[in-house]
Amino acid sequence: IRRPPRSTPKPSSAASDVYKRQNMYKKILTLIAITLSTIITAQTSFVSTSPENKNVVLEDFTGIYCPNCPDGHLKAQDIYDANPSDVVLINIHTGSYANPNSGDPDFRTQFGSAIAGQTNLAGYPAGTVNRHEFPGLQQNGSGTAMSRGNWQSAANTTLAQASCVNVAAEATIDISTRELTVNVEAYYTDNSIVSSNKIHVALLQNNIEGTQSGSSANPTQILPNGNYNHQHMLRHLLTGQWGENVSPTTTGSFFQNTYNYTIPTNLNGIAYDLFNLDIVVFISEGNQEII
């Protein structure tokens, strides 16, 4: 910046004050702009943008009168224990074994029957791994349902496969209002094979006391009074029966949404314990094929 000629008259006192104020305002505006820029930069997402392998979503179809189901619970828990950061267990009480007699608990939901209905299951316990068909492992010769002896093999195969999308979630509960808030993000590290996917937000509950046939097959879940301690129980789907649309699904696409749910005091007379809840979030290509 060149200095002005010496002949330039000095500004009057009033003009000088205006000049000083203008420079002060410029500095203030510059500081505000810097501050806003810092805030915007700080508001980064929490989902990973690095390519990762698939996680396992094991949906275990079960019921309180199913004598072999506790062994299924145990086998599913073994899969989880071997890969605790990469496996999600969802126990869905549905079918004839889940229909309660008088005085017994009703652990069914409005969603379980339809989910089980698309698996082609032939008996209980049955399970699906990522709602994927594993040829040679199907319980009924076709479909996604497998008997408990095949869950481990299907899980190992899934964990070794690359995923095209990462999912992350943060959840909070306002204890006084029972308002659940779930912030969900997804980032596509590769193209999905379909242009629109589905996102699912499931609410699970742990440590629910109740009856269970065949509980001796899973003795660690037997309570001192002889009842069974049920885990990973599906209670609600915040995104409805088949999830909500996600689009676009191409490399670099980012999805964000917030889901709210006021948790009732009970479902079918079974109390919601706000301190024993899990949130599960996953993405599928449609009603099946969790990716």
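(A) Representation of the overall build of the chain. Counting secondary structure elements, the chain contains four helices and 14 strands. Counting across all 291 residues of the chain, residues that qualify as buried make up 40%. Pairs at least 24 residues apart make up 73% of the contacts formed inside the chain by residues separated by at least 6 positions. Split by element, the accessible area of the chain, about 15,100 Å² in all, is 51% carbon and sulfur.

(B) Structural view of the pairing of strand 2 (residues 87-93). Across the seven residues that make up strand 2, a large majority, six, are buried. Bridge count between strand 1 (residues 56-62) and strand 2: seven bridges; the pairing is parallel. By the bridge assignment, Val57 is partnered in strand 2 with Val88. Regarding topology, helix 2 (residues 69-82) serves as the crossover connection from strand 1 to the parallel strand 2, and that connection is right-handed.

(C) Spatial organisation of the state of the cysteines. Applying the stated criterion across every chain, the model contains one disulfide. The partner cysteine of Cys66 in its disulfide is Cys69, sulfur to sulfur 2.3 Å. What sets the handedness of the Cys66 and Cys69 disulfide is the S-S torsion sign, and at about 90° it is right-handed. Judged on exposure class, the residue Cys66 and its partner Cys69 are both buried.

(D) Region of the structure containing the pattern of salt bridges. One pass over the full model with this rule turns up four salt bridges. Two residues, Lys75 and Asp71, come together in a salt bridge whose shortest N-O distance is 2.9 Å. Here Asp71 and Lys75 lie together in helix 2, a separation of four residues that amounts to about one turn. On the accessibility criterion, Lys75 (32% relative accessible area) is partly exposed. Of the residues examined, Asp71 reaches a relative accessible area of 18% and is grouped as buried. Across the pair Arg148 and Asp71 runs a salt bridge whose closest N-O atoms are separated by 2.7 Å. Note that Arg148 is positioned in the loop between strand 3 (126-129) and helix 4 (151-159) and Asp71 in helix 2, a separation of 77 residues in sequence. Look at the salt bridges and you will find they share partners, linking Asp71, Lys75 and Arg148 into a network.

(E) Quick look at the sheet that holds strand 4 (residues 165-174). Spatial strand order, 4-5-11: three strands in an open sheet with antiparallel pairing. In this open sheet, the two strands that pair with only one neighbour each are strand 4 and strand 11 (254-262). When the angles between neighbouring strand axes are averaged without regard to direction, this sheet yields 15°. Here strand 4 pairs with strand 5 (residues 179-188) via ten bridges, running antiparallel.

(F) Representation of the packing of aromatic side chains within the structure. The final tally for this structure, using the stated rule, is one aromatic pair. Relative to Tyr124, the ring of Tyr97 has its centre 5.8 Å away and its plane inclined at 75°; by these criteria the two rings are edge-to-face. Taken together, the positions of Tyr97 in the loop between strand 2 and helix 3 (112-117) and Tyr124 in the loop between helix 3 and strand 3 put the pair 27 residues apart, joining distant regions of the chain. Taking the ring centre of Tyr272 as reference, the NZ or CZ of Arg235 above it sits at 4.3 Å.

(G) Just the confidence of the model for the chain, in detail. Scored by pLDDT, the chain comes out at a mean of 90, with 85% of its residues at no less than 70. Per-residue pLDDT stays below 50 along residues 1-11; that stretch engages in one contact with residues further than four places along the chain or on separate chains. This stretch, residues 24-43, has a pLDDT under 50; its non-local contacts, to residues over four places away or in other chains, come to zero contacts.

(H) The environment of Gln139, seen in detail. With respect to the helices and strands, the residue Gln139 is situated in the loop between strand 3 and helix 4. A relative accessible area of 19% places Gln139 in the buried class. With 20 residues separating them along the chain, Gln139 and Thr119 place their C-alpha atoms 9.5 Å apart. When near neighbours in sequence (up to four residues on either side) are disregarded, Gln139 contacts Leu121, Ala122, Gly123, Pro125, Ala126, Ala145, Met146 and Ser147. A distance of 3.2 Å separates a polar side-chain atom of Gln139 from the backbone nitrogen of Gly123. A polar side-chain atom of Gln139 sits 3.3 Å from a polar atom in the side chain of Ser147.

Conventions and cut-offs
- Residues numbered from 1 in each chain as written.
- Predicted model: local features only at pLDDT ≥ 70, side-chain atom pairs only at ≥ 80, totals over all residues.
- Heavy atoms only, no water.
- Helix = DSSP H or I, 4+ residues; strand = E, 2+ residues; numbered from the N terminus.
- Buried < 20%, exposed > 50% of the residue type's maximum accessible area, 1.4 Å probe, protein only.
- Contact = heavy atoms within 4.5 Å.
- Areas by Shrake-Rupley, 256 points an atom, 1.4 Å probe, with all protein chains shown as cover.
- Pairing = 2+ DSSP bridges.
- Right-handed = clockwise from strand over helix to strand, strands pointing away.
- Disulfide = S-S within 2.5 Å.
- Salt bridge = Lys/Arg side-chain N within 4 Å of Asp/Glu carboxyl O.
- Axes fitted to C-alpha atoms, helices over the stretch in contact; angles between N-to-C directions.
- Phe/Tyr/Trp six-rings, centres within 6.5 Å; stacked < 30°, edge-to-face > 60°.
- Lys NZ or Arg CZ within 6 Å of the ring centre and 35° of its normal.
- pLDDT = per-residue confidence, 0-100.
- Polar contact = N/O pair within 3.5 Å; in protein donor to acceptor, adjacent residues only side chain to side chain.

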